[in-house]
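Here is what each chain is made of, one letter per residue.
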Amino acid sequence: MNTFAVRSAIAASAAALAVFATPGLAAAAPNLHGDPNTPGTQVQVESEPGDSNSYTCGAVGVAGAGVGSNSSGGAGQVNGAYFGPGPVQGGCVGSDGSVYFPTGNAE
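The rules behind the values
Position labels on residues start from 1 in each chain and follow its written sequence. Owing to the predicted nature of the model, reporting of local features is limited to residues with pLDDT of at least 70; listing and counting of side-chain atom pairs is limited to 80 or more, with chain, interface and lining totals taken over all residues. In computing side-chain properties, one takes all heavy atoms of the structure into account and sets aside hydrogens as well as water. The helix and strand labels rest on DSSP assignments: H or I over at least four residues marks a helix, E over at least two residues marks a strand, and numbering proceeds from the N terminus. Here's how the labels work: a residue is buried when its accessible area is under 20% of the maximum for its type, exposed when over 50%, partly exposed in between, all with a 1.4 Å probe on protein chains only. In this analysis, two residues are considered to be in contact whenever any of their non-hydrogen atoms come within 4.5 Å of each other. Residue-level accessible areas treat just the shown protein chains as cover; the underlying method is Shrake-Rupley with a 1.4 Å probe. What makes a nonpolar core is a set of buried Ala, Val, Leu, Ile, Met, Phe, Trp, Tyr and Cys residues whose side-chain atoms join them at distances within 4.5 Å. Note on terminology: disulfide denotes any pair of cysteine sulfur atoms within 2.5 Å. We define a polar contact as two N or O atoms separated by no more than 3.5 Å, with the added condition that, inside protein, one atom must be a possible hydrogen donor and the other a possible acceptor, whereas residues neighbouring each other in sequence contribute only through side-chain atom pairs. Residues with no salt bridge and a relative accessible area higher than 30% make up the patches, which join like charges within 9 Å and nonpolar side chains (Val, Leu, Ile, Met, Phe, Trp, Tyr) within 5 Å. Basic side-chain nitrogens of Lys or Arg form a salt bridge, by our definition, when they fall within 4 Å of a carboxyl oxygen of Asp or Glu.

**Section: the overall build of the protein**
If you tally the helices and strands in the protein, you get one helix and eight strands. When the helices and strands of the protein are placed in sequence order, the string is α-β-β-β-β-β-β-β-β. In the protein, which comprises 107 residues, the share counted as buried stands at 34%. When contacts within the protein are restricted to residue pairs at least 6 apart in sequence, long-range pairs at least 24 apart make up 48% of them. Entry remark: accessible area of the protein is about 6100 Å², with carbon and sulfur atoms responsible for 63%.

Shown next, in the form of structure tokens:
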């Protein structure tokens, strides 16, 4: 790895740390979990009741993939094809422009 690449990686890591460690940023983040009404076939995105942001998320895993959203402080369906239980990795964008990468399970 050349010196420029190493320095770029260090700078990017420091910038990411500064953004996530900044006081005053929202601590709440969405989470992904299995839908209790349709076990093994769907995933939900949920945020804490006091969270004023809504989130649009995509989730991919060995069990399938889907896209969905939720309302502020609530839960929403990540619609897609989930063929059974298994881990999922998501990417979510909040209504305030925040970005999160939650993990969860289709259960």
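**Some thoughts on the nonpolar core**
In this structure, Leu32, Val43, Val45, Tyr55, Cys57, Ala59, Val78, Tyr82, Val88, Cys92, Tyr100 and Ala106 together form the largest nonpolar core, which totals 12 residues. Residue assignment for this core shows that the elements contributing at least two residues are β2 (43-46), β3 (55-61), β5 (75-82) and β6 (86-94). No other element matches the three residues that β3 contributes to this core. Excluding its chain neighbours within four sequence positions, the residues that come into contact with Val45 are Pro30, Asn31, Leu32, Cys57, Ser69, Asn70, Gly74, Ala75, Gly76, Val78 and Cys92.

**Points about the state of the cysteines**
Going through the model one piece at a time under the given rule, you end up with one disulfide. Residue pairing for Cys57: its cysteine sulfur links by disulfide to Cys92, the two sulfurs lying 2.0 Å apart. Between Cys57 and Cys92 the disulfide shows an S-S torsion of about 115 degrees. By sign, it is right-handed. Placement of Cys57 in strand β3 and of Cys92 in strand β6 is noted, with a sequence separation of 35 residues between them.

**A short note on the side chain of Asp51**
Looking at the secondary structure, you find Asp51 in the loop between β2 and β3. Taking relative accessible area as the criterion, Asp51 reaches 8% and is therefore assigned buried. A distance of 3.0 Å separates a polar atom in the side chain of Asp51 from the backbone nitrogen of Asn53. Apart from residues lying up to four places away in sequence, Asp51 is in contact with Ala28, Ser72 and Gly73.

**Here's the deal with a nonpolar patch on the surface**
A surface patch of nonpolar side chains, amounting to about 300 Å² of accessible area, comprises Val93, Val99 and Phe101. As for its position among the elements, Val93 is in strand β6. A relative accessible area of 44% places Val93 in the partly exposed class.

**Describing the environment of Gly68**
Examined against the element boundaries, Gly68 turns out to sit in strand β4 (residues 64-69). Separated by 10 residues in sequence, Gly68 and Val78 have C-alpha atoms that sit 4.0 Å apart. Dropping the residues within four chain positions of it, Gly68 is found in contact with Tyr55, Thr56, Cys57, Gln77 and Val78.

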